[in-house]
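# Examination of the molecular architecture
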Number of protein chains: 2
Amino acid sequence: MVTRAPLRPVATTGPVLVVGTGLLGTSAGLALSAAGVDVLLSDTSPTSQRLAQDVGAGRPVAYMGAEGPTLVLVATPPDVAGGCVVEALTHYPGAVVTDVASVKSAVVEDVLREAEKTGDPAIAARYVGSHPMAGRERSGAGAADADLFIGRPWVVVPHEGSSAEAQLVVRTLATDLGAVPLEMDADTHDHSVALVSHVPQLVASLLAARLADAPGVALGLAGQGLRDTTRIAASDPRLWTSILAGNAGPVVETLEALGADLEDLLVHLRAAVVQGPLEGGSVGAVNRVMEAGNRGVARIPGKHGGAPQRFSEVEVLVPDRPGELGRLFTELGEIGVNLEDLTLDHSAGQQVGVARVMVDPARARDAELGLERRGWRIIAHWSTEGS
Amino acid sequence: MVTRAPLRPVATTGPVLVVGTGLLGTSAGLALSAAGVDVLLSDTSPTSQRLAQDVGAGRPVAYMGAEGPTLVLVATPPDVAGGCVVEALTHYPGAVVTDVASVKSAVVEDVLREAEKTGDPAIAARYVGSHPMAGRERSGAGAADADLFIGRPWVVVPHEGSSAEAQLVVRTLATDLGAVPLEMDADTHDHSVALVSHVPQLVASLLAARLADAPGVALGLAGQGLRDTTRIAASDPRLWTSILAGNAGPVVETLEALGADLEDLLVHLRAAVVQGPLEGGSVGAVNRVMEAGNRGVARIPGKHGGAPQRFSEVEVLVPDRPGELGRLFTELGEIGVNLEDLTLDHSAGQQVGVARVMVDPARARDAELGLERRGWRIIAHWSTEGS
């Protein structure tokens, strides 16, 4: 774990109260503290809170002065986020409150219900939701880092009653932590993450689950495609169970549409089993699914946030020996070709790997010739949609 | 395209007849010709055959001498493989015949049917199937390469009546092309590829299809998980339609099991929509899917073909500037740490990427300290199941 000062001076003024000293809360505390902001820490677990203090994320909440916080960051597990947000709004009438839960509609509902109950719309005006998209396999204060949010999207989620001031405070927090703020209402946010994150997680898990009791010989034929498609199935069940159950509505909508496509495909494939591969409409059904998949994957933005870019791809054989990959990149640098992206492809039992190096199409030929001159084996090159 | 002599002398004796001069047939022809084996080429498309001849994959089939081939490699599209195999067995009574179709049961059935029809079991004895696992996005003779099969698994698929000699000839071909032969019966093979290749392809396409008409704001939140899970949805529909329709039985079995898991999940998530996130059994249902996914993904072999290896993972921030990735690998080399694997992680709108560098756990601390001394920002490090 490394802590460093952020890249630029921060505009957030303290004190900031961080409620929940897990990965996200502690990381935010580290970055703000390093920038000189007064950060107070609170967690239901004294051990967790102590750990966050010890790594330098802030002071205990007991040291909070009478003036109270200007900003409360609720970074608890998602199933208690709504309750903690309402408590913070009630307890600290001068504070803007935000939370990092990855599902937003439920929290907004809790806040609006409280405002109605108390007859005080000002409570709701001080709430603006957040979803910093900075996940990580490890959790807890021990995995925290001041750099966690740098360059990551941070969705700012105001509701209709959120004050302009509260929105500015939350947007400033995101920017101060190095994140890239973008704005969305709660419903749009929850449907969006169902589509690009929650359903892909479930589908990867459903697919990987088929391997749990599969014969070993089948697994021996696994290639890079299977590895890529199931990689996120290794994610933490506890974390995801809470997230997914909390966004059941949008997740069900997308899963049902996928299930309908699957059922249509199955009808035609079952017919092919009985009538033969060219009968029963299976060719057309498979083709429809594949074509729709082509169209969908082409819409995923490239790494710079724009439309997918056209790259040239050069496939290079890389012997499975220490230092070979390093030599490849060094020599690409010598040739003067910038690497746009790369993937490594290993299959079971291989003594060599294949590096797919994506470069500017205008430089692909130079890359290929230069690498060949240096003794590399080029397998192929072509233009492709980079991601 | 590059052609070079194979790494070692070959044991295959010619003449070898290659039927179908697409990517696989032409690549095999190139490697065998370069090793001095007499290769004859045949294709229903004169243009395709001519291209294969011109790149050096072999001579026209018209030059075939009266002795006929010792080995016929049928490398046609899968939907005509069975017919071509039967024709070769009939036409060249001295030849061992193999084919590269990625679904094997249908070809075996065609061969056995012919043996029964003609009352000549010797025909079937000369057939042994193959499935070289050397796919590629581009097809055709123009994409061919003598190195295509190097290090790739090559499934040798004898049937009960295959002669020992025919099996040896096909296994020798695989080895001569640099592939790693493994043996499997047709039914086991077809179920295995359904599980690790065909169903993952369909599932990735079904998932990506959900993005085809999705709102642009949702796509803006796409991260590396979505990119990985849907990468193979960009595959060629024509090629896959033929493969998938030809293996409908095993594909249906696996898809139906996946569909049943999906329906169980949907029942509980629908209940959660009505009753709230903690009701209706949704927490348990999601957890079951996630846990099964964890177990399944843990069974995918590591890159050296054994059980998954334990690596340490060091996450490094890489500024989005030319040459930075090259510098990272060069400096890892200077530190004396061998790179076991890596992934690059970019999100929309980022000015930095994250490289996840996998190293020997015993060297992780050195890697981290050495990189930090050279000015790199380490975000985190931990042990993980490498792939």
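Shown above is the structure to which this text applies.
Since the structure is predicted, the reported quantities are computational estimates derived from the model, not experimental observations. (Residues numbered from 1 in each chain as written. Chains lettered and ligands numbered in written order. Predicted model: local features only at pLDDT ≥ 70, side-chain atom pairs only at ≥ 80, totals over all residues. Heavy atoms only, no water.)

Looking only at helices and strands, chain A features 14 helices and 12 strands. When the 387 residues of chain A are sorted by exposure, 58% land in the buried category. As presented, chain A carries roughly 14600 Å² of accessible surface, and 54% of it is formed by carbon and sulfur atoms. (Helix = DSSP H or I, 4+ residues; strand = E, 2+ residues; numbered from the N terminus. Buried < 20%, exposed > 50% of the residue type's maximum accessible area, 1.4 Å probe, protein only. Areas by Shrake-Rupley, 256 points an atom, 1.4 Å probe, with all protein chains shown as cover.)

Sheets are built from strands that pair by backbone hydrogen bonding, the pairs being arranged parallel or antiparallel. Residues and elements named next belong to chain A. Here 3 strands make up an open sheet; going across it, the order is 6-7-8 and the pairing mixed. Of all the strands in the sheet, the pair left with one neighbour each is strand 6 (129-132) and strand 8 (180-183). Between one strand axis and the next, the sheet turns through 25 degrees on average, direction left out of account. (Pairing = 2+ DSSP bridges. Axes fitted to C-alpha atoms, helices over the stretch in contact; angles between N-to-C directions.)

There is a patch of like negative charges on the surface, built from Glu160, Asp185, Asp187 and Glu253 of chain A. Structurally, Glu253 of chain A can be placed in helix 11 (residues 248-275). (Patch = residues over 30% accessible without salt bridge, like charges linked within 9 Å, V, L, I, M, F, W, Y side chains within 5 Å. Salt bridge = Lys/Arg side-chain N within 4 Å of Asp/Glu carboxyl O. Lys, Arg positive; Asp, Glu negative; His and termini not counted. Charge placed at Lys NZ, Arg CZ, Asp CG, Glu CD.)

Here we come to the packing of helix 11 (residues 248-275) of chain B against helix 12 (residues 282-298) of chain B. Residue and element names in this part refer to chain B. Two elements in contact, helix 11 and helix 12, have axes separated by 8 Å at closest approach and are oriented at 150 degrees. Pair helix 11 / helix 12 crosses with left-handed handedness. Within the contact between the two elements, helix 11 uses Asp264, Leu265, His268, Leu269 and Ala272 and helix 12 uses Ser282, Ala285, Val286, Arg288 and Val289. (Left-handed = near helix turned anticlockwise from the far one by under 90°. Contact = heavy atoms within 4.5 Å.)

So, about the side chain of Thr76 of chain A. Position of Thr76 of chain A relative to the elements: it lies in the loop between strand 4 (71-74) and helix 3 (78-91). The contacts of Thr76 of chain A, once residues within four sequence positions are left out, are Val19, Gly20, Ala81 and Cys84 of chain A.

Let us now look at the sheet that holds strand 2 (residues 39-42) of chain A. All names here are of chain A. Across the sheet, which stays open at both edges, the 5 strands sit in the order 3-2-1-4-5 with parallel pairing between neighbours. On the outer flanks of this sheet lie strand 3 (59-60) and strand 5 (96-99), each paired with one strand and no other. When strand 1 (residues 16-19) meets strand 2, the two strands line up parallel, connected through 4 bridges. Paired with Val16 across the two strands is Val39, which belongs to strand 2. Strands in contact with helix 3 are strand 4 and strand 5; relative to strand 5, the strand with the most contacts, it is inclined by about 170 degrees. Docked against the sheet, helix 6 (residues 164-176) engages strand 4 and strand 5, running at close to 50 degrees with respect to strand 5.

Look at any regular strand and the pattern is simple: side chains alternate between the two faces of the sheet. All names here are of chain B. Crossover handedness for the path strand 1 (residues 16-19) to helix 1 (residues 23-34) to strand 2 (residues 39-42): right-handed. When strand 2 meets strand 3 (residues 59-60), the two strands line up parallel, connected through 2 bridges. For Leu40, the partnering residue across the bridge sits in strand 3 and is Arg59. As for the winding sense of the linkage, the β-α-β connection from strand 2 through helix 2 (residues 46-54) to strand 3 is right-handed. (Right-handed = clockwise from strand over helix to strand, strands pointing away.)

Our next topic: the pattern of salt bridges. Following the criterion strictly, the structure yields 32 salt bridges over all chains and no others. A salt bridge links Arg270 of chain A to Glu263 of chain A; the nearest nitrogen and oxygen atoms lie 3.4 Å apart. We classify Glu263 of chain A as partly exposed; its relative accessible area is 38%. We note a salt bridge from Lys117 of chain B to Glu114 of chain B, for which the minimum N-O separation is 3.5 Å. Of the two residues, Lys117 of chain B and Glu114 of chain B are both situated in helix 4 (residues 105-118); the distance of 3 residues between them amounts to about one turn of the helix.

On to unusual backbone geometry. In the segment running from Gly14 of chain A into Pro15 of chain A, the intervening peptide bond is cis, with an omega of -5 degrees. Residue placement: Pro15 of chain A occurs in the segment before strand 1.

Okay, helix 14 (residues 364-373) of chain B next. Among the residues of helix 14 of chain B, Ala364, Ala367, Glu368, Gly370 and Leu371 of chain B are the ones counted as buried. Backbone geometry just downstream of helix 14 of chain B places Gly375 of chain B in the positive-phi region, at approximately 95 degrees.

In this structure, Leu202, Leu255 and Leu269 of chain A together with Leu202, Leu255 and Leu269 of chain B are the most contacted members of the largest nonpolar core, which totals 48 residues. Not counting the four nearest positions on each side in its chain, Leu269 of chain A is found in contact with Ser282 and Val286 of chain A together with Leu202, Leu244, Ala248, Val251, Val252 and Leu255 of chain B. (Core = buried A, V, L, I, M, F, W, Y, C linked by side-chain atoms within 4.5 Å.)

Residues and elements named next belong to chain A. The topology assignment puts His159 in the loop between strand 7 (153-157) and helix 6. Residue His159 is classed as buried on the basis of its relative accessible area of 12%. Between the C-alpha atom of His159 and that of Met184, which follows or precedes it by 25 residues, the distance is 9.2 Å. Not counting residues within four places of it along the chain, the set of residues in contact with His159 comprises Val108, Leu112, Ala124 and Tyr127.

Moving on to the environment of Ser235 of chain B. Residue position: Ser235 of chain B is located in the loop between helix 9 (224-230) and helix 10 (237-245). A sequence separation of 160 residues divides Ser235 of chain B from Ala75 of chain B, and the C-alpha atoms of the two residues are 20 Å apart. If sequence neighbours within four positions are ignored, Ser235 of chain B has contacts with Met290 and Asn294 of chain A together with Gln201 and Trp240 of chain B. Here the side chain of Ser235 of chain B touches Gln201 of chain B through a polar contact of 3.2 Å, side chain to side chain. (Polar contact = N/O pair within 3.5 Å; in protein donor to acceptor, adjacent residues only side chain to side chain.)

Residues and elements named next belong to chain A. Applying the stated criterion to the full structure yields 2 aromatic pairs over all chains. Judged by centre distance (5.4 Å) and plane angle (55 degrees), the ring pair of Phe149 and Trp154 falls under tilted. Take Phe149 and Trp154: they sit in the same class, and that class is buried. (Phe/Tyr/Trp six-rings, centres within 6.5 Å; stacked < 30°, edge-to-face > 60°.)

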